[in-house]
Amino acid sequence: QNIHGLFVEGAKWARGEGKLEESEAKKLFYAMPVVHVTAIGMKERKAKLAEYGPKGGYDCAVYKYPKRGDRYLVFRMMLRPGEEHPNHWRLRGVCLLCQTE
C-alpha cells in the first residue's frame, strides 16, 4: 500500500537521504513523502534490521491523531535513523501522524 498524507513529529525527514534528521526550532510537523507499506512477520523484521544501518532501525509508531495512546495507534513502521542511535529518536518522542489537529 502507498500512503500519503503522513506527518512526522519531533524530527524531520531528509527526502534525499531517506533518513530522520533534527527538526528546525519551533516547527512541530513535517510532511512525509509517499510511503510504501507492507506487513512482515517478526522473523523477517529481525532479518531486515541490518538494512537500516549498524545500529538498526527506529521502530516508529503511526497515530491517527496527535493525542497519543493505544486507542489511536494505527500501526508501527521502521524508519532509517541516520547517524543517531534509534534510542535518540525514541527519547525525543518521534512519531508519525495521520492528522495534525
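Look up a bit, the structure's there.
Now for a look at the structure at hand. These numbers come from a predicted model, not from an experiment. (Residues numbered from 1 in each chain as written. Predicted model: local features only at pLDDT ≥ 70, side-chain atom pairs only at ≥ 80, totals over all residues. Heavy atoms only, no water.)

Re the sheet that holds strand E9 (residues 95-97)
And step 1. Taken in spatial order, the five strands make up an open sheet running E5-E2-E9-E7-E8, and their pairing is mixed. Either end of the sheet is taken by a strand with one partner, and the two such strands are strand E5 (29-31) and strand E8 (73-79). Between one strand axis and the next, the sheet turns by 30° as a mean value, whatever way the strands run.
And step 2. Bridge analysis of strand E7 (residues 58-63) against E9 gives two bridges, and the strand direction is parallel. Among the inter-strand pairings, valine 62 is bridged to a residue of E9, identified as leucine 96. (Pairing = 2+ DSSP bridges. Helix = DSSP H or I, 4+ residues; strand = E, 2+ residues; numbered from the N terminus. Axes fitted to C-alpha atoms, helices over the stretch in contact; angles between N-to-C directions.)

A short note on the pattern of salt bridges
And step 1. Tallied over the entire structure, the rule returns six salt bridges.
And step 2. In this structure, the salt-bridge partner of lysine 12 is glutamate 24, at a minimum N-O distance of 3.7 Å. With lysine 12 in strand E3 (residues 12-14) and glutamate 24 in the loop between strand E4 (19-21) and E5, this pair connects stretches of sequence that are twelve residues apart.
And step 3. By relative accessible area, which is 22% here, lysine 12 ends up partly exposed.
And step 4. Taking relative accessible area as the criterion, glutamate 24 reaches 45% and is therefore assigned partly exposed.
And step 5. One network of salt bridges, in which partners are shared, links Arg45, Asp59 and Arg76. (Salt bridge = Lys/Arg side-chain N within 4 Å of Asp/Glu carboxyl O. Buried < 20%, exposed > 50% of the residue type's maximum accessible area, 1.4 Å probe, protein only.)

Concerning the packing of aromatic side chains
And step 1. Tallied over the entire structure, the rule returns one aromatic pair.
And step 2. A ring pair is formed by tyrosine 65 and tyrosine 72, whose centres lie 5.2 Å apart and whose planes are at 85°; its orientation type is edge-to-face.
And step 3. Take tyrosine 65: its relative accessible area is 29%, and that puts it in the partly exposed class.
And step 4. Overall, the relative accessible area of 22% leaves tyrosine 72 in the partly exposed class. (Phe/Tyr/Trp six-rings, centres within 6.5 Å; stacked < 30°, edge-to-face > 60°.)

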